[in-house]
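# Remarks on the overall topology
Given next are the chains, with one letter for each unit.
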Amino acid sequence: MYLRTLLFSAALIGILPVSRAVEPAKAEADASTDGPAAGHSYHGEAFNEGPRQAAVLIEGMSPIKFETSAKTPAAQKFIEQGIAQLHGFWYLEAERSFRQASKEDPELAIAYWGMTMANANNTERARAFMDKAMELGKKNTSRRETLYIEALDRLIQKPKKDKDGKEPDREAEREAKKKRVERYLSDMERILHEFPEDVEARALLALQLWLAERSGVKITSRYAVNALLGEVFNANPLHPAR
């Protein structure tokens, strides 16, 4: 503002032509319509929150194996680090790792699946990341990754249309969420059926079974959860779900 006033004053006394004096104002107006507002991400509103600094590979993280369609070794490493951080409920750093994976490989759909997982308690942001995962997942994505992405897509609630200001039916919402969780559990079991050696599917299924009661889904056998985790630790004694 100070520079614009100074240039305009200079134009009035003949130091600069008026056309030059108003150029900063024009540039300012052009900048306001060229891309997102200052401080906002080119990747969408969901990226305006969360970590804004690059991730680094952290020494000492529990090792896991999660094969993906990543085109670079760095993207693969950040995906696996992010999943390890999910198991430790280190959600902010998990999102940071998945964001870094997407920077290394912008077409990697499973990276956006990971960002969705890291925002399990923020439905609006999770849904935005999920939509991107579904978009990218239409190509260059393995069958196994597709199953993970589609399972999570059915779990994360889609935005609801305005119902003329009417109060939402809380009971109907609880029942709908319960059905989504039940479907997710079934979808995770399907992954295990098709890929019986998938350790991460076991670990994530065990976690979801443990959390399911919050959504009204009764755990029929807690021994089943223990059995799943036992299989995880037999395969990987240092698994971060421990």
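It should be noted that the structure appears before, not after, this text.
Below: a short report on this structure.

Conventions and cut-offs
- In this convention, every chain numbers its residues from 1, walking through the sequence in written order.
- Side-chain atom pairs in this predicted model are given and counted only at pLDDT of 80 or more, local residue features only at pLDDT of at least 70, and totals for whole chains, interfaces and linings cover all residues.
- Note that water and hydrogens are dropped before the side-chain values are worked out from all heavy atoms of the structure.
- To sort residues, take the accessible area from a 1.4 Å probe on protein chains only and compare it with the maximum for the residue type: under 20% means buried, over 50% means exposed, and anything in between is partly exposed.
- We count a stretch as a helix when DSSP gives it H or I for four or more residues in a row; a strand needs E for two or more, and each element gets its number in order from the N terminus.
- Whether two residues are in contact is decided by their heavy atoms, any of which lying within 4.5 Å being enough.
- Definition of nonpolar core: a set of buried residues of the types Ala, Val, Leu, Ile, Met, Phe, Trp, Tyr and Cys, connected through side-chain atoms within 4.5 Å.
- As used in this structure description, the phrase polar contact means that two N or O atoms lie within 3.5 Å; if the pair is within protein, one of them must be able to donate a hydrogen and the other to accept it, and residues adjacent in sequence are counted only when both atoms belong to side chains.
- Each patch is built from residues lacking any salt bridge and having more than 30% relative accessible area; the joining distance is 9 Å for like charges and 5 Å for nonpolar side chains (Val, Leu, Ile, Met, Phe, Trp, Tyr).
- Accessible areas in this description were obtained via Shrake-Rupley with a 1.4 Å probe; residue shielding takes into account the shown protein chains only.
- The term salt bridge refers to a pairing of a side-chain nitrogen on Lys or Arg with a carboxyl oxygen on Asp or Glu at a separation within 4 Å.
- Helix axes use the C-alpha atoms of the stretch in contact, all axes being lines fitted to C-alpha atoms, and the angles between their N-to-C directions lie in the range 0 to 180 degrees.
- By definition in this entry, angles of less than 35 degrees are roughly parallel, angles greater than 145 are roughly antiparallel, angles of 65 to 115 are roughly perpendicular, and the rest are oblique.
- Take the far helix as the reference: if the near one is turned anticlockwise from it by less than a right angle, the crossing is left-handed, and if turned clockwise, right-handed.
- Under this grouping Gly is polar, as are all residues other than the nonpolar Ala, Val, Leu, Ile, Met, Phe, Trp, Tyr, Cys and Pro and the charged Asp, Glu, Lys and Arg.

Of all nine residues that make up helix α6 (residues 109–117), nine are buried, and the element is covered over most of its length. Residues of α6 that are buried include every one of A109, I110, A111, Y112, W113, G114, M115, T116 and M117, and no others. Here the buried face of α6 lies against α4 (73–87), α5 (91–104), α7 (123–136), α8 (143–155), α9 (170–194) and α10 (199–211).

Formed by 47 residues in total, the largest nonpolar core has its most connected members in I79, I110, W113, Y148, L152 and M188. Elements supplying a minimum of two residues to this core: α4, α5, α6, α7, α8, α9, α10 and α11 (222–235). Counting residues per element, this core draws most heavily on α6, at seven residues. Contacts of I79, omitting those with residues within four sequence positions, involve F66, T68, F98, A101, L108, I110 and A111.

Here the focus is the side chain of N236. Take N236: it is sitting in the segment after α11. The buried category is assigned to N236, whose relative accessible area is 15%. For N236, the side chain forms a polar contact with the main-chain oxygen of P63, separated by 2.6 Å. Not counting residues within four places of it along the chain, the set of residues in contact with N236 comprises P63 and I64.

Attention now moves to a nonpolar patch on the surface. A contiguous nonpolar surface patch, about 280 Å² in accessible area, is contributed by V56, I58 and W90. By secondary structure assignment, the location of W90 is in the loop between α4 and α5.

Running from amino to carboxyl end, α5 crosses α6 at an angle of 165°, the nearest separation of the two axes being 8 Å. Considered as vectors, α5 and α6 are oriented roughly antiparallel to each other. Here the hand of the crossing between α5 and α6 comes out left-handed. Of the residues in α6, those touching α5 at Y91, E95, F98, R99, A101 and S102 are A111, Y112, G114, M115 and M117. In terms of residue class, the contact of α5 with α6 is built from seven nonpolar, two polar and two charged.

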